[in-house]
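Observations on the three-dimensional arrangement
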Amino acid sequence: TIADATATGAADQVLAGALGRCDSADAIAVPAEGGLFDYTTIGLENQYSSDCGNGAEGGEAVFYLRLDDRSEVIAEVVGANYDSVLHLRSACDDAATQIRCDDDGGDGNRARLEETLEPGMYFFFVDGYGNGTGTGQVQFTIEPVGAVLP
């Protein structure tokens, strides 16, 4: 769980307690350097919906990323055997914190998000169009960028 992966000190324990249902959703930590991750949504219960992808009501794989610096983040489904959807939130259990949702912004019917994000915690949901589920890979590319000038 996220609590096990991040409980290295008092600040992390408070953080882990704030993660809500993502802690029990077997969320996957994305390291600061990004990476390529295999995932499956087959057999997973829908816990999180979105405002695109016909509700994105299939089971979802949850990834979380903690940024220490302002960064350009690209999350892209690069292989999937179904119509994928990606949605991004700043709080796991609060749909009102959705930053972006994408259905088919990548190759074919694959999802892709590109966003400049401030330091903080973010949750990426790899979901399916409607109630679709399947398997695939998601690539996270993270590049720190300079501060915004006033």
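To be clear, the structure that these remarks concern was listed above.
Described below are features of the structure shown in this document. Since the structure is predicted, the reported quantities are computational estimates derived from the model, not experimental observations.

Definitions and limits used
Residues numbered from 1 in each chain as written. Predicted model: local features only at pLDDT ≥ 70, side-chain atom pairs only at ≥ 80, totals over all residues. Heavy atoms only, no water. Helix = DSSP H or I, 4+ residues; strand = E, 2+ residues; numbered from the N terminus. Buried < 20%, exposed > 50% of the residue type's maximum accessible area, 1.4 Å probe, protein only. Polar contact = N/O pair within 3.5 Å; in protein donor to acceptor, adjacent residues only side chain to side chain. Contact = heavy atoms within 4.5 Å. Salt bridge = Lys/Arg side-chain N within 4 Å of Asp/Glu carboxyl O. Pairing = 2+ DSSP bridges. Phe/Tyr/Trp six-rings, centres within 6.5 Å; stacked < 30°, edge-to-face > 60°. Axes fitted to C-alpha atoms, helices over the stretch in contact; angles between N-to-C directions.

A few words now on the side chain of glutamate 115. Note that glutamate 115 resides in strand E7 (residues 112-117). For glutamate 115, a relative accessible area of 16% translates into the label buried. Within the local environment of glutamate 115, its side chain forms a polar contact with the side chain of arginine 100, the two groups lying 3.0 Å apart. Residues within four places of glutamate 115 in sequence aside, it is in contact with Ser71, Glu72, Val73, Leu88, Ile99 and Arg100.

Where charged atoms from two side chains of opposite charge approach closely, those side chains can pair. All told, the structure shown has four salt bridges when counted by the stated rule. For glutamate 115, the salt bridge goes to arginine 100, with nearest N and O atoms at 3.0 Å. Remark: arginine 100 occurs in strand E6 (residues 98-103) and glutamate 115 occurs in strand E7; sequence separation between them is 15 residues. Salt bridges here are not isolated pairs; linked through shared partners, they connect Glu76, Arg112 and Glu114.

Turning our attention to the pairing of strand E9 (residues 135-144). When a strand is regular, its side chains alternate between the sheet's two faces. Where strand E2 (residues 35-40) lies against E9, six bridges are found, and the strand directions are antiparallel. Of the residues in E9, the one forming a bridge with aspartate 38 is glutamine 137. Summarising the sheet, strand E4 (residues 71-80) and E9 pair through nine bridges and their orientation is antiparallel. Bridge pairing links valine 73 to isoleucine 142 in E9.

Our focus in this paragraph is the packing of aromatic side chains. Think of a pair of aromatic rings as described by two things: how far the centres are apart, and how the planes are tilted against each other in angle. All told, the structure shown has four aromatic pairs when counted by the stated rule. Arranged with centres 5.4 Å apart and planes meeting at 50°, the rings of phenylalanine 63 and phenylalanine 140 form a pair that is tilted. With a gap of 77 residues between them, phenylalanine 63 in strand E3 (residues 61-67) and phenylalanine 140 in strand E9 connect regions that are remote in the sequence. Across the pair, phenylalanine 140 and phenylalanine 63 agree in class, each one buried. Centre to centre, the rings of phenylalanine 124 and phenylalanine 140 are 5.2 Å apart; their planes meet at 80°, and the pair counts as edge-to-face. Taken together, the residues span a long stretch of sequence, with phenylalanine 124 in strand E8 (residues 120-128) and phenylalanine 140 in strand E9 at a distance of 16 residues.

With antiparallel pairing, the four strands of this open sheet are ordered in space as E2-E9-E4-E7. Of all the strands in the sheet, just E2 and E7 have a single pairing partner and so form its edges. Looking at each pair of strands side by side, their axes are set apart by 20° on average, direction ignored.

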